[in-house]
Amino acid sequence: LQLVSQIESTCHSLGHPIEPRPNTAHITLARARNPLPTPLRKSLQDFAHSLFPGPTMSATEYVLMQSDLTPKGPIYTPAAHFPL
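Residues numbered from 1 in each chain as written. Predicted model: local features only at pLDDT ≥ 70, side-chain atom pairs only at ≥ 80, totals over all residues. Heavy atoms only, no water.

Caption draft 1: The overall build of the chain, seen in detail. Per the secondary structure count, the chain includes 2 helices and 2 strands. Put simply, the chain runs from its N terminus to its C terminus through helices and strands in the order α-α-β-β. Over its C-alpha atoms the chain spans a radius of gyration of 15 Å, topping by over 25% the 12 Å that the globule rule assigns to 84 residues. The principal-axis extents of the C-alpha atoms in the chain amount to approximately 35 × 30 × 25 Å. Across the 84 residues in the chain, those meeting the buried criterion constitute 1%. Of the contacts made within the chain by residues no fewer than 6 positions apart, 28% connect residues no fewer than 24 positions apart. Summed over its atoms, the accessible surface of the chain is roughly 7,700 Å², and 62% of this surface lies on carbon and sulfur atoms. When the 6 basic and 5 acidic side-chain charges of the chain are each reduced to a single mean position, those positions are 9 Å apart. (Helix = DSSP H or I, 4+ residues; strand = E, 2+ residues; numbered from the N terminus. Rg over C-alpha atoms; globule rule 2.2 N^0.38 Å. Buried < 20%, exposed > 50% of the residue type's maximum accessible area, 1.4 Å probe, protein only. Contact = heavy atoms within 4.5 Å. Areas by Shrake-Rupley, 256 points an atom, 1.4 Å probe, with all protein chains shown as cover. Lys, Arg positive; Asp, Glu negative; His and termini not counted. Charge placed at Lys NZ, Arg CZ, Asp CG, Glu CD.)

So this is what it looks like as structure tokens:
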């Protein structure tokens, strides 16, 4: 929760609105919709990593999520649960 708070605070200071939905930590493995050009994507990844190098964390469960893109944004549905 502390990491989410820091990210939201930094993004808000850069002019982005704070996300009203509760945060659920996740990793998106793939999404293909007009990918960013490689140089821009690499630059953004390097910048994000310099701000948030990634904390150590413990996980108790892995949830495989299905992401369905809609005009109003993605809809996430749990597909399977894997205890760790």
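Caption draft 2: Quick look at the pattern of salt bridges. Across all of its chains, the model carries 2 salt bridges by this definition. Here Glu19 makes a salt bridge to Arg21, at a shortest N to O gap of 2.7 Å. In this structure Arg21 comes out as exposed when scored by relative accessible area, which is 54%. Here Asp46 ties to Lys42 by a salt bridge, and the two come within 2.8 Å at their closest N and O atoms. Of this pair, Asp46 and Lys42 both sit in helix 2 (residues 38-51), separated by 4 residues, roughly a single helical turn. The exposure class of Lys42 is partly exposed, given its relative accessible area of 46%. (Salt bridge = Lys/Arg side-chain N within 4 Å of Asp/Glu carboxyl O.)

Caption draft 3: Seen up close, the layout of surface pockets. Here the second largest pocket is characterised by a volume of approximately 160 Å³. Looking at the second largest pocket, the residues that line it are Leu36, Arg41, Leu44 and Gln45. For the lining of the second largest pocket, a count of residues per class yields 2 nonpolar, 1 polar and 1 charged. (1 Å grid on protein atoms, 1.4 Å probe; cavity = no way out; pocket = protein on both sides within 12 Å on 5 of 7 lines; lining within 4 Å. Points joined across faces, edges and corners; volume = space filled by probe spheres on them. Nonpolar A, V, L, I, M, F, W, Y, C, P; charged D, E, K, R; others polar.)

Caption draft 4: Main features of the packing of aromatic side chains. Enumeration according to the criterion identifies 1 aromatic pair in this entry. A centroid spacing of 5.6 Å and a plane angle of 35° characterise the contact between Tyr62 and Phe82, whose relative ring orientation is tilted. You can see Tyr62 sitting in strand 1 (residues 61-70) and its partner Phe82 sitting in strand 2 (residues 73-83), a full 20 residues away along the chain. (Phe/Tyr/Trp six-rings, centres within 6.5 Å; stacked < 30°, edge-to-face > 60°.)

Caption draft 5: Highlighting the pairing of strand 2. Strand direction decides the pairing type here: strand 1 and strand 2, joined by 10 bridges, are antiparallel. By the bridge assignment for strand 2, Asp68 is matched with Ile75. Adjacent in sequence and paired antiparallel, strand 1 and strand 2 are bridged by 2 residues. (Pairing = 2+ DSSP bridges.)

Caption draft 6: Up close: the environment of Leu64. Within the secondary structure, Leu64 is located in strand 1. With 12 residues separating them in the primary sequence, Leu64 and Tyr76 have C-alpha atoms 10.0 Å apart.

Caption draft 7: Structural context of helix 1 (residues 2-13). Counted at 1.5 Å a residue, the expected span for helix 1 with its 12 residues is 16 Å, and the 17 Å between its end C-alpha atoms agrees. Two residues or fewer after helix 1 comes Gly15, characterised by a positive phi angle close to 100°. (Expected span 1.5 Å × (residues − 1).)

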